[in-house]
Amino acid sequence: MPDSPVFLITGASSGIGAQTARRAAEAGHRLVLAARSKDKLDALAAELGGPQRALAVTADVTSWEDNEGLVAAALEAYGRLDVAFANAGFGAARGWLEETPEHWREMVLTNVLGAAYTIRAALPALREARGHVLLTGSVVGRKVAPGSLYSCTKWAVSAMGEAVRAELVGSGVRTTVIEPGGVETPFFDNPGSGRLDPDDIARAVLYPSPSPTTSTSASCWCGRWARSSERRPAQSPRRAANGRIAAAQAAAPRSEIVTV
Ligand SMILES: NC(=O)c1ccc[n+]([C@@H]2O[C@H](COP(=O)([O-])OP(=O)(O)OC[C@H]3O[C@@H](n4cnc5c(N)ncnc54)[C@H](OP(=O)(O)O)[C@@H]3O)[C@@H](O)[C@H]2O)c1
C-alpha cells in the first residue's frame, strides 16, 4: 500500500498503543511506532509487516528533539503523516504523599508536555494532509479522582484537546480525545476485574479515524461507547451576527470526545 495514510502512535510498545497499531494496520494504515523500548517496538513493527508497513522509532516524548525526529522519520520513510496519536503516558498511586516527587515530575512531563510536543511536531504535516490529532485522555480527565495528580494531568489533556480543536477550526484537521475507563494493561501493577480490554480502546480510536480502505466517517456511534460529541455550539445572537465566525464554524471539522 504505497500511498496509504500514515498513522503515528506514541506509547506504541504496549497496551492501548500497541493494540491500536494492530487495528490501524488491519484497516490499511502505515504505522510509525514510538516509545522508549526498542525491542518491543521492533517486534511489533515486524509483526505488522516490517519497514514498508510499520516503522519503529525509539523516542522519549518528553524530549522535543525526539518528537521532531519522530515526525522527520515518518516523513522520510513514507512522505506524509495523516494521524498523530499522542498516547504515551503513565500513572501514579493516589494520595498527595504517595510516590516520589521525581515520579510526579516524569508523569507530568510525559502526560502533558509530551502530548503537547507530539502534537506540535506533527502539526505542520497534519495540516498539509488535513489529518487527525488523537489524544488519550481518561475518564479521570473529566471527573476528578481523589488525591490523584494523574487525574490532573488528564484534565490537562482534556483541555489540550479542546485548545487544539478550537485552533484548528477551518484547517481540515480533526481532533479527538479518547477517554478510557480502566483498561487491563501494564499501566496497572496488578490485574484487576471489570477492566476494559485494550482492543475496546483500539476500536474506539479507529472508529473516528477514516479507514483508508473504506469511506467510513465518524458520523454515528453504537455499542457500549457512551459518547459525548462536541458539536458546534448553538449560535449566540452575537455569533449569529458575526458572519466570519459563523463561516469558520461551518468549516470546522467534526471533533469528538470518545468515552470508553
Ligand atoms: N490503562 C488504563 O486504565 C488507562 C485508562 C485511561 C487512560 N490511559 C492512558 O492510556 C495511555 C496508554 O496507557 P496503557 O494503559 O496502554 O499503558 P501501558 O501499556 O503501560 O503503555 C504506556 C505506553 O507509554 C509509553 N511511554 C511511557 N513514557 C514514555 C515516554 N516518556 N516517551 C515515550 N513513550 C512513553 C510506554 O512505552 P515505553 O515504556 O517503552 O516508553 C508504553 O508504550 C496512557 O496515556 C494512559 O494514561 C490508560
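Residues numbered from 1 in each chain as written. Predicted model: local features only at pLDDT ≥ 70, side-chain atom pairs only at ≥ 80, totals over all residues.

**Some details on the overall build of the chain**
Within the chain, the secondary structure is distributed over eight helices and eight strands. Per-residue burial for the chain yields a buried fraction of 43% across its 260 residues. Within the chain, contacts between residues separated by at least 24 positions form 68% of all contacts whose residues are at least 6 apart in sequence. (Helix = DSSP H or I, 4+ residues; strand = E, 2+ residues; numbered from the N terminus. Buried ≥ 20, exposed ≤ 12 C-beta atoms within 10 Å, placed from the backbone. Contact = placed C-beta atoms within 7 Å.)

**Regarding the site of the ligand**
Looking at the ligand, there are 29 residues lining it, with G11, G15, R36, S37 and G89 nearest. When residues of the shell around the ligand are traced back to their parent elements, those giving at least two are α1 (15-26) and α4 (101-129). (Near = placed C-beta within 6 Å.)

**Focus on unusual backbone geometry**
We note that E99 has phi near 60 degrees; this positive angle belongs to a residue other than glycine. For E99, a count of 17 C-beta atoms within 10 Å corresponds to the partly exposed category.

**What to know about the packing of helix α3 (residues 64-78) against α4**
In a packed pair of helices, the relevant descriptors are the angle between the two axes and the axis-to-axis distance. The interhelical angle for the contact between α3 and α4, taken along N-to-C directions, is 30 degrees, at an axis separation of 8 Å. Note that α3 runs across α4; the crossing there is right-handed. Where α3 abuts α4, its residues W64, N67, E68, L70, V71 and L75 lie against Y117, T118, A121, A122 and A125. Grouping the constituent residues of the contact of α3 with α4 by class yields eight nonpolar, two polar and one charged. (Axes fitted to C-alpha atoms, helices over the stretch in contact; angles between N-to-C directions. Left-handed = near helix turned anticlockwise from the far one by under 90°. Nonpolar A, V, L, I, M, F, W, Y, C, P; charged D, E, K, R; others polar.)

**With respect to helix α2 (residues 38-47)**
Within α2, burial applies to L41, L44 and A45. Buried residues along α2 cover an arc of 100 degrees about the axis, so they all sit on one side. Turned more than 90 degrees off the buried face of α2, the exposed positions are D39 and A46. Lining the buried residues of α2 we find α1, β2 (30-35) and β3 (54-58). G49 occupies a position one or two residues after α2 and carries a positive phi of about 120 degrees. (Arc of directions from axis to C-beta.)

**Re the nonpolar core**
By size, the foremost hydrophobic cluster in this structure holds 64 residues, and its most contacted members are L8, L31, L33 and A84. The leading source of residues in this core is α4, at 10 residues. With residues up to four places along the chain from it excluded, the contact list for L31 reads F7, I9, A21, A24, A25, L48, R53, A54 and L55. If you look at the next biggest cluster of nonpolar residues, it comprises five residues, including A92, M107, V140 and Y150. (Core = buried A, V, L, I, M, F, W, Y, C linked by C-beta atoms within 7 Å.)

**Describing the packing of α1 against helix α6 (residues 198-206)**
Between α1 and α6, whose axes approach to 8 Å, the crossing angle comes to 55 degrees. On the basis of their axis angle, the class for α1 and α6 is oblique. In this structure, α1 meets α6 at a crossing whose hand is right-handed. The segment α1 lies against α6, with G15, I16, Q19, T20, R22, R23 and A24 engaging P198, D199, I201, A202, R203, V205 and L206. Looking at side-chain class alone, the contact of α1 with α6 contains seven nonpolar, three polar and four charged residues. (Parallel < 35°, antiparallel > 145°, perpendicular 65-115°, else oblique.)

**Concerning the pairing of strand β6 (residues 174-179)**
Counting buried positions along β6 gives six out of six residues, so the element sits mostly inside the fold. Side-chain alternation along β6 places R174, T176 and I178 on one buried face and T175, V177 and E179 on a second face that is also buried. Judged from the five bridges that link them, strand β5 (residues 132-136) and β6 form a sheet pairing that is parallel. Counted as the bridge partner of T136 is I178 from β6. After leaving β5, the chain enters helix α5 (residues 149-167) and then returns to the sheet as β6, a path that is right-handed. (Pairing = 2+ DSSP bridges. Right-handed = clockwise from strand over helix to strand, strands pointing away.)

**Notes on the confidence of the model for the chain**
Residue-level pLDDT values for the chain average 86, and 82% of them are 70 or greater. This stretch, residues 214-253, has a pLDDT under 50; its non-local contacts, to residues over four places away or in other chains, come to 37 contacts. (pLDDT = per-residue confidence, 0-100.)

**Quick word on the environment of W155**
Of note, W155 is situated in helix α5. The partly exposed category is assigned to W155, around which 19 C-beta atoms lie within 10 Å. Sequence spacing of W155 and G137 is 18 residues, and the spatial spacing of their C-alpha atoms is 7.6 Å.

**Regarding the pairing of β3**
Among the five residues that make up β3, four are buried, leaving the element largely enclosed by the rest of the structure. Direction of pairing for β2 relative to β3: parallel, over a ladder of five bridges. Directly across from A34, in β3, lies its bridge partner V57. With α2 bridging β2 and the parallel β3, this β-α-β connection has right-handed handedness.

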